[in-house]
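Here is what each chain is made of, one letter per residue.
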Amino acid sequence: MNTSFLVANWKMNYTDQQTVASLHQIVGKSTLFPKTRLIICPSFTALASAHKLLSNTLIALGAQNLNHNTKGPYTGEINSAMVAEFCSYVVVGHSERRLLFGETSDDVNLKSIAAMHQSLQPIICLDGQSDATRQSNNRTLNIDELVIQVREAIKNFPLNSQFLIAYEPSWAIGSGEPADPDSVNTIAAKIREIVTSVLGSDTGMSVPILYGGSVTLGNINNYCKLPELNGALVGGASLDPAELVELAVSIQ
Ligand code: 13P
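Keep in mind that what you see is a predicted model, and the values were worked out from it rather than measured.

A. Representation of the site of the ligand. Surrounding the ligand, one finds 13 residues, the nearest of these being Lys11, His94, Glu168, Gly174 and Ser214. Within the backbone of Gly235, an N or O atom sits 2.9 Å from an oxygen atom of the ligand. Considering the ligand on its own, with 300 Å² of exposed area, one finds that the protein chains cover 94% of that surface. A per-class count over the shell around the ligand returns four nonpolar, seven polar and two charged.

Below is the structure:
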């Protein structure tokens, strides 16, 4: 797989106006990174404007979450059809959502299936930890917990499902302490093996696997050049438009 994916998770940072201003700067430089698949995930309120601005570009748009229900009395929630009006991708299972909003592996699985029903590709975030381990801030990876988390995320997926996986240890997010690249490569290989065992080798071999957690311009290629990795999911370092362009240029 040749494409390098760069997912910019802007979290709860930019208003609609700020998003538009940043996107203008990035679109103006997009000819500098023709081989990077850049996916920008702004807040829900900026998706309509961002969609208009990105519609004739190679930059893709993603949302940061969705509700798996199709419609009904879920005040404040946004379903997959609403997201699909504007986006091609959606982040699910981010560890901030697991940690701060109590999302379970079942939620992540249902959200992913709901997304794929609308032809949205879920970017499934996994930290390889059980809820208890995550809450105790334990950094040791327990392979059994990783296996359970991956299997729960992708259960009942149809064959040939199109999705991405981002391995993001919760302790590495925003901490300035990224995970060791060699262990990320081993974990990505393990994730691929589990996906293959559940969904077959076509999906297992083709699913893009990204790393996230304190990725910067200084370290992004320590991850993107790993044999098992296909890109990065970036928070803080993606907020500055000039830096995001540099990240996109550096990994192609
Ligand atoms: P940082 O890049 O700020 O560590 O955030 C990573 C992340 O959570 C991306 O989803």
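Past the structure itself, the notes keep going.
B. Geometry of a nonpolar patch on the surface. Together, Leu99, Leu100 and Phe101 make up a nonpolar patch on the protein surface, roughly 330 Å² of accessible area in all. Residue class for Leu100 comes out exposed when judged on its relative accessible area of 61%.

C. Expanded view of the nonpolar core. Membership of the largest hydrophobic core comes to 63 residues, with the highest contact counts inside it found for Leu6 and Ile26. At seven residues, helix 8 (residues 181-199) tops the list of elements feeding residues into this core. Setting aside its immediate chain neighbours within four residues, Leu6 contacts Thr36, Arg37, Leu38, Ile39, Ile220, Ala232, Val234, Leu244, Leu247, Ala248 and Ile251. Core analysis: the next-biggest nonpolar cluster, separate from the first, contains 13 residues, Phe5, Val7, Tyr89 and Leu233 among them.

D. View of the sheet that holds strand 7 (residues 209-212). What the eight strands build is a closed barrel, ordered 1-2-3-4-5-6-7-8; its pairing is parallel. Between one strand axis and the next, the sheet turns through 25° on average, direction left out of account. Alignment of strand 1 (residues 4-9) against strand 8 (residues 231-234), held across four bridges, turns out to be parallel. Counted as the bridge partner of Ala8 is Val234 from strand 8. Contacting strand 4 (89-92) and strand 5 (121-126), helix 5 (residues 105-117) crosses the sheet at an angle of about 165° to strand 5. Most of the contacts of helix 11 (residues 241-250) go to strand 1, to which it runs at about 160°, and overall it touches strand 1, strand 2 (36-41) and strand 8.

E. Here's a closer look at the pattern of salt bridges. As enumerated under the stated definition, the model contains nine salt bridges in all. Across the pair Lys111 and Glu103 runs a salt bridge, and its minimum N-O distance is 2.8 Å. Accessibility expressed as a relative area gives 7% for Lys111, which makes it buried. A residue is classified by how much of its surface remains accessible, and Glu103, at 6% relative accessible area, is buried. Asp131 is the salt-bridge partner of Arg134, the closest N and O atoms lying 3.0 Å from each other. One end of the pair is Arg134 and the other is Asp131, both in helix 6 (residues 131-135) and three residues apart, which spans about a single turn. Sharing partners across several salt bridges, the network here consists of Arg97, Glu103 and Lys111.

Criteria and cut-off values
- Residues numbered from 1 in each chain as written.
- Predicted model: local features only at pLDDT ≥ 70, side-chain atom pairs only at ≥ 80, totals over all residues.
- Heavy atoms only, no water.
- Near = heavy atom within 4 Å.
- Polar contact = N/O pair within 3.5 Å; in protein donor to acceptor, adjacent residues only side chain to side chain.
- Areas by Shrake-Rupley, 256 points an atom, 1.4 Å probe, with all protein chains shown as cover.
- Nonpolar A, V, L, I, M, F, W, Y, C, P; charged D, E, K, R; others polar.
- Patch = residues over 30% accessible without salt bridge, like charges linked within 9 Å, V, L, I, M, F, W, Y side chains within 5 Å.
- Salt bridge = Lys/Arg side-chain N within 4 Å of Asp/Glu carboxyl O.
- Buried < 20%, exposed > 50% of the residue type's maximum accessible area, 1.4 Å probe, protein only.
- Core = buried A, V, L, I, M, F, W, Y, C linked by side-chain atoms within 4.5 Å.
- Helix = DSSP H or I, 4+ residues; strand = E, 2+ residues; numbered from the N terminus.
- Contact = heavy atoms within 4.5 Å.
- Pairing = 2+ DSSP bridges.
- Axes fitted to C-alpha atoms, helices over the stretch in contact; angles between N-to-C directions.

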